[in-house]
Amino acid sequence: MSRFWNSLVSKLEPYVPGEQPRVQNLIKLNTNEHPYGPSPKVLAAIAGQTNDNLRLYPDPTAQELREVIARRFGLTAAHVFVGNGSDEVLGHAFHALLKHEAPILFPDITYSFYPVYCGLYEIAYKAIALDEEFKIRVQDYLPDGQAKAGGIIFPNPNAPTGIAQPLTQIERVIAGNPDIVVVVDEAYVDFGAQTAAGLIARYPNLLVVHTMSKAYSLAGLRVGFALGHPDLIQGLDRVKNSFNSYPLDRLALAGAQAAVEDQIYFEQARDAVVRSREALTRDLQSLGFVVLPSAANFIFVRHPAHTGESLASALRARHILVRHFKLPRISNHLRITIGTDEQCNQLVAACREILK
Ligand SMILES: *Cc1c(COP(=O)(O)O)cnc(C)c1O
């Protein structure tokens, strides 16, 4: 607290990112990073940009990158917005598109950045309870004739549960709310869910948000993007150009473009993570863990005989970091990022020892 802070800053409850430890010898399964590095073509493209041109500003419109992304989804560059990580893209979406007179809706158990943006942009929200199986109940997001919503946002697959919704259910939410923007945060979609990007041509109220941090293994580069009707993209552009005209630097533009262009590497690395996820799920189930069905690069688990906190600290003592949320309904769960097979095996061995 400082008397120099304005009243908004005094009230903020900022997001707390997962720990990025300074020591080297930890098995880091706490922030959903990819266990394998990015494509060698990405590294070469970045190296190719480390030259005198760094004295020049990058392209403020990121035109080439937006065209490459657009092609991949069968859209045009006018349907694509890029930002400094999808957190920034999401922040602009809250600022530009979700701020309305009525509260916006998102699940009670979801990405914990959403309520933080609401605090920053002074947006009212209503957290809608997931059902007992931690699934989104679609009918809760359809207008009931009384309470109006100002916008809707949810991840698919949801985080931190990893549970995916079929596209038909997501389309019901979008079609049922034609007068407000529905944001589908597809940070993990490539690991096993269906993207809603194909619905953009039919629904001008749909914004699909992707990150290159997870499936593209570029968390350190900070690139995210949104896909939607050009009117929505222009709204995001207005905010961006009133805030920071150059969110992506030259290295990020080059690396991100090379990553999207190397779909073969992308799919191989992604498939390896999915195989490890299935193996880790079986191994932990055989130790008595309850594992939610995951379509992401993490699993959400609990053990009936142990608290989440005690398991997380016992793993930490064995140099394994996982994510534990001290939140209602999920305080006995752990979110475990899928690592390499060796890291997963070390995790299973540690769990076996702890449960003994
Ligand atoms: C990781 C994550 C993001 C943010 O990704 P960045 O592009 O690294 O900012 C957004 N939404 C969800 C649900 C995530 O898990």
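Everything below is about the structure shown above.
Residues numbered from 1 in each chain as written. Predicted model: local features only at pLDDT ≥ 70, side-chain atom pairs only at ≥ 80, totals over all residues. Heavy atoms only, no water.

Notes on the overall build of the protein chain
A count of helical and extended segments in the protein chain gives eleven helices and twelve strands. Scaling as 2.2 N^0.38, a compact globule of 356 residues should have a C-alpha radius of gyration of about 21 Å, and the protein chain matches this with 20 Å. Within the protein chain, the fraction of its 356 residues that count as buried is 52%. A separation threshold of at least 6 residues defines the contact pool for the protein chain, and within that pool the share at least 24 residues apart is 73%. (Helix = DSSP H or I, 4+ residues; strand = E, 2+ residues; numbered from the N terminus. Rg over C-alpha atoms; globule rule 2.2 N^0.38 Å. Buried < 20%, exposed > 50% of the residue type's maximum accessible area, 1.4 Å probe, protein only. Contact = heavy atoms within 4.5 Å.)

Brief notes about the site of the ligand
Surveying the vicinity of the ligand reveals the residues G85, S86, D87, L90, Y111, D185, A187, Y188, T211, S213, K214 and R222. A distance of 3.0 Å is found between an oxygen atom of the ligand and a backbone nitrogen or oxygen belonging to D87. With respect to the ligand, the side chain of K214 contributes an N or O atom lying 3.0 Å from an oxygen atom. If the ligand stood free it would expose 390 Å²; the protein chains cover 93% of that surface. Sorting elements by how many residues they give to the shell around the ligand places helix α4 (residues 86–96) first, with three residues. For the shell around the ligand, a count of residues per class yields four nonpolar, four polar and four charged. (Near = heavy atom within 4 Å. Polar contact = N/O pair within 3.5 Å; in protein donor to acceptor, adjacent residues only side chain to side chain. Areas by Shrake-Rupley, 256 points an atom, 1.4 Å probe, with all protein chains shown as cover. Nonpolar A, V, L, I, M, F, W, Y, C, P; charged D, E, K, R; others polar.)

Thoughts on the nonpolar core
Counting 88 residues, the largest nonpolar core has L227, L284, I336 and L347 as its most contacted members. The residue makeup of this core includes at least three contributed by each of domain 1 (18–37 + 264–355) and domain 2 (40–261). Among all residues touching L227, those that are not within four sequence positions of it are I69, F73, L75, H79, V80, A197, I200, L206, L207, V208 and I233. Core analysis: the second largest hydrophobic core is formed by 26 residues, L98, Y121, I153 and A226 among them. (Core = buried A, V, L, I, M, F, W, Y, C linked by side-chain atoms within 4.5 Å. Domains from an automatic or database assignment.)

Structural notes on the pattern of salt bridges
Scanning the model with the defined rule gives eleven salt bridges in all. Note that R329 is salt-bridged to D108, the shortest N-O span being 2.8 Å. Here D108 lies in the loop between β3 (104–107) and α5 (114–121) and R329 lies in the loop between β11 (320–321) and β12 (334–337), a separation of 221 residues in the sequence. Between R202 and E171 there is a salt bridge; the shortest N-O distance is 2.9 Å. Highlighted residues: R202 in the loop between β6 (182–185) and β7 (206–211) and E171 in helix α6 (residues 167–176), separated in sequence by 31 residues. A residue is classified by how much of its surface remains accessible, and R202, at 53% relative accessible area, is exposed. (Salt bridge = Lys/Arg side-chain N within 4 Å of Asp/Glu carboxyl O.)

Some words on the sheet that holds strand β9 (residues 290–291)
Pairing between the strands of a sheet is mediated by backbone hydrogen bonds and can be parallel or antiparallel. If you trace the three strands from one edge of the open sheet to the other, you get β9-β10-β12, paired in antiparallel fashion. Each edge of the open sheet carries a strand with a single partner, namely β9 and β12. The pairing of strand β10 (residues 298–302) with β12 spans four bridges and is antiparallel. Looking at the pairing, I299 lines up with I336 of β12. (Pairing = 2+ DSSP bridges.)

Description of a nonpolar patch on the surface
There is a patch of nonpolar side chains on the surface, built from M1, F4, W5 and V9 and spanning about 520 Å² of accessible area. For F4, the position within the fold is in the segment before α1 (7–11). Among the residues examined, F4 registers a relative accessible area of 67% and is labelled exposed. (Patch = residues over 30% accessible without salt bridge, like charges linked within 9 Å, V, L, I, M, F, W, Y side chains within 5 Å.)

Some thoughts on the sheet that holds β7
Read from one edge of the open sheet, seven strands run β2-β8-β7-β6-β5-β3-β4, paired in mixed fashion. Only two strands of the sheet have a single partner each, and these edge strands are β2 (80–83) and β4 (125–128). Going from strand to strand, the sheet's axes swing by 20° on average, the running direction of each strand aside. The pairing of β6 with β7 spans four bridges and is classified as parallel. What sits directly across from V184, in β7, is V208. Contacting β2, β3, β5 (151–155), β6, β7 and β8 (224–228), α4 runs over the sheet at an angle of about 160° to β7. (Axes fitted to C-alpha atoms, helices over the stretch in contact; angles between N-to-C directions.)

So, the pairing of β3
In the sheet, β3 pairs with β4 via four bridges, with the strands oriented parallel. Looking at β4, one finds that P107 is bridged to I128. After leaving β3, the chain enters α5 and then returns to the sheet as β4, a path that is right-handed. Two elements, β3 and β5, share two bridges in a ladder whose sense is parallel. Across the sheet, L105 pairs through a bridge with I152, a residue of β5. (Right-handed = clockwise from strand over helix to strand, strands pointing away.)

Side note on the packing of helix α3 (residues 63–72) against helix α8 (residues 250–261)
Interaxial distance between α3 and α8 falls to 9 Å at its minimum, and their mutual angle equals 20°. Here α3 is positioned roughly parallel relative to α8, judged by the angle of their axes. The chirality of how α3 crosses α8 is left-handed. Residues E64, L65, V68, I69 and R72 of α3 form the contact with α8, whose participating residues are L253, A256, Q257, V260 and E261. Here the residues of the contact of α3 with α8 sort into six nonpolar, one polar and three charged. (Parallel < 35°, antiparallel > 145°, perpendicular 65-115°, else oblique. Left-handed = near helix turned anticlockwise from the far one by under 90°.)

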